[in-house]
Amino acid sequence: HSKVPFKKISQDFLQMEKLSMIDLEVCEDADDYGKMKLKDRELAERWKTYHDSKAIWKILCAQCNNKEGTYGY
């Protein structure tokens, strides 16, 4: 994520939905071992739409990614 870190996007989404992290129910994805997903599929779709509307992607090598940090967030 460029300029707006994932943490900021997720916190804003939770605030908009009037939820906290503790409210989220997750389950293991039966199709992808070890991958977790939101149990509430409607909430998951809203999250995906919101995230994709806010995220600015920037491909970086691991070293550059670590250097970018969280943009001061």
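Residues numbered from 1 in each chain as written. Predicted model: local features only at pLDDT ≥ 70, side-chain atom pairs only at ≥ 80, totals over all residues. Heavy atoms only, no water.

A short note on the pattern of salt bridges
Once their charged atoms are close, side chains differing in charge can pair, the charge on each being opposite to the other.
Item 1. Scanning the model with the defined rule gives three salt bridges in all.
Item 2. The salt bridge partner of Glu-17 is Arg-46, with a shortest N-O separation of 3.0 Å. One end of the pair, Glu-17, is in the loop between α1 (6-16) and β1 (26-28); the other, Arg-46, is in helix α2 (residues 41-54), and 29 residues separate them in sequence.
Item 3. One salt bridge connects Lys-48 with Asp-52, and the closest N-O pair in it is separated by 3.2 Å. In this pair, Lys-48 and Asp-52 both sit in helix α2, four residues apart, roughly one turn of the helix. (Salt bridge = Lys/Arg side-chain N within 4 Å of Asp/Glu carboxyl O. Helix = DSSP H or I, 4+ residues; strand = E, 2+ residues; numbered from the N terminus.)

Re the packing of aromatic side chains
Item 1. In total, this model carries three aromatic pairs according to the counting rule given.
Item 2. Ring centres 5.7 Å apart and planes at 90 degrees place the aromatic pair Phe-6 and Trp-47 in the edge-to-face group. Placement of Phe-6 in helix α1 and of Trp-47 in helix α2 is noted, with a sequence separation of 41 residues between them.
Item 3. When its relative accessible area of 42% is taken as the criterion, Phe-6 is described as partly exposed.
Item 4. Ring centres of Phe-13 and Tyr-50 lie 5.5 Å apart, and the angle between their planes is 45 degrees; this geometry places the pair in the tilted category. Taken as a pair, Phe-13 in helix α1 and Tyr-50 in helix α2 lie far apart in primary sequence, 37 residues in all. This pair shows no difference in class: Phe-13 is buried, exactly as Tyr-50 is.
Item 5. Three or more aromatic residues joined by ring pairs form one cluster here, namely Phe-6, Phe-13, Trp-47 and Tyr-50. (Phe/Tyr/Trp six-rings, centres within 6.5 Å; stacked < 30°, edge-to-face > 60°. Buried < 20%, exposed > 50% of the residue type's maximum accessible area, 1.4 Å probe, protein only.)

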